[in-house]
Amino acid sequence: MDVLVFGAGSLGSLLGGLLAREHEVTLVGRDPHMRAIDEGGLHITGDAEATVRPTARLDAPESAELAVVCVKSFDTGAAATALADCALDACLSVQNGMGNEAVLADRLECPVLAGTCTYGAVRPEPGTVRCTGIGELTIGPPEGGTSALVERVGQVFEAASVATAVVDDMPARLVEKLAVNAGINATTALARLENGAVIGGDAGALAGAAAREAAAVARAEGIDLSDRAAERALESVAADTAANTSSMHQDLLAGRRTEVDAINGYVVGRADELGVDAPVNRTFARLLRAWEAGQGLR
Ligand code: KPL
């Protein structure tokens, strides 16, 4: 299949690289990463190893059968604009935060699917991506249920040996992933820890509390996510990606804007609307936004 991966950050590079073992892949990202891939291929190291040669571009091509969108949540609108002129059969959002699929569906004419991914990835240097944890990709329609298209997209990933589950309860999967990210990302970023450090101890207590608040918000919205299920999901992702530097931690280390608004900020916003307490997410959101303001990023 002809697959376009839009957003060649850590996860986009890893998914694009893994898919390129089996499919024609075009990766859209920024220099110097794209130039390095163009010149010497994309090297995957760590828990998965391969050197592949996807087409590396700075802008969207004219067409692709499947677009996999991996940009940061605050860039989803720009991605939708860039992809609006690209002829696509289907689009899959594999991003952190909530609401990305609706932003894409607003601009694109093809069906938009949702995905959550718990693979760990870091980009140590241009042209290289390190897989720091084999997790799982789950995909499904954002509103739940399933379809022949989702099954077909699932087979595309499975053919490239990406651990994939086609699920019919995507709304619940998305809030579970939100709870995991609310706990792991902010705790590891603010305390400068790797993901595995949020199992137990002070970091675990904080991350668990943030995940439970996200679960309480989900329940107030009518989604069945117990505190225990949210904690278990958090611990399992932290164990699977123990050596990973979370995406928010990577953002802080690189002095880049974070996804706080779409993760902890989203939990706080919904908690306020629904009358749920979310003190840990509120503190995380304020600390991260204060850091971003101090860096001139907002
Ligand atoms: O989604 C992630 C992220 O870092 O954004 C996890 C799964 C926590 C992997 O680090």
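Residues numbered from 1 in each chain as written. Predicted model: local features only at pLDDT ≥ 70, side-chain atom pairs only at ≥ 80, totals over all residues.

**Quick word on the UniProt feature "domain: Ketopantoate reductase C-terminal" (unreviewed entry) in the chain**
Feature annotation in UniProt places "domain: Ketopantoate reductase C-terminal" (unreviewed entry) on residues 173–290, given in this structure's numbering. Secondary structure over residues 173–290 splits into 71% helix and 0% strand, and the C-alpha atoms at its two ends are 30 Å apart. (UniProt positions renumbered as here; feature names shortened; annotations may be inferred. Helix = DSSP H or I, 4+ residues; strand = E, 2+ residues; numbered from the N terminus.)

**Considerations on the sheet that holds strand S4 (residues 50–52)**
Across a sheet, strands are paired by hydrogen bonds formed along the backbone, either parallel or antiparallel in direction. Spatially, four strands are ordered S4-S3-S10-S9 in an open sheet, and the strand pairing comes out mixed. Two strands bound the open sheet, and with one partner strand each, they are S4 and strand S9 (120–125). Between one strand axis and the next, the sheet turns through 25 degrees on average, direction left out of account. Bridge analysis of strand S3 (residues 42–46) against S4 gives three bridges, and the strand direction is antiparallel. (Pairing = 2+ DSSP bridges. Axes fitted to C-alpha atoms, helices over the stretch in contact; angles between N-to-C directions.)

**A word on the site of the ligand**
Close to the ligand lie Asn96, Thr118, Gly120, Asn181, Ile184, Asn185, Asn195, Val237, Thr241, Asn244, Ser246 and Ser247. Ranked by the residues each element gives to the shell around the ligand, the list is headed by helix H6 (residues 170–191), at three residues. Partitioned by chemical class, the residues of the shell around the ligand number two nonpolar, ten polar and no charged. Here the shell around the ligand gathers at least three residues from each of two domains, domain 1 (2–166) and domain 2 (170–294). (Near = placed C-beta within 6 Å. Nonpolar A, V, L, I, M, F, W, Y, C, P; charged D, E, K, R; others polar. Domains from an automatic or database assignment.)

**Describing the pairing of S3**
The two faces of a sheet get side chains in turn, since along a regular strand they alternate between them. A loop of three residues connects S3 with S4, the two strands running antiparallel in sequence. Two elements, S3 and strand S10 (residues 128–133), share four bridges in a ladder whose sense is parallel. Pairing of Gly46 across the sheet is with Cys131, part of S10.

**Section: the sheet that holds strand S12 (residues 164–166)**
Pairing within the open sheet is mixed, and its eight strands lie in the order S5-S2-S1-S6-S7-S8-S11-S12. Strands with a single pairing partner mark the edges of an open sheet, and in this sheet they are strand S5 (55–57) and S12. Within the sheet, the average angular offset between the axes of one strand and its neighbour, ignoring direction, is 25 degrees. By the bridge criterion, five bridges tie strand S1 (residues 2–6) to strand S2 (residues 24–28) in an arrangement that is parallel. Bridging from a neighbouring strand, Asp2 pairs with Glu24 of S2. H6 contacts strand S8 (112–117) and strand S11 (137–140) of the sheet and is inclined by roughly 40 degrees relative to S8. (Contact = placed C-beta atoms within 7 Å.)

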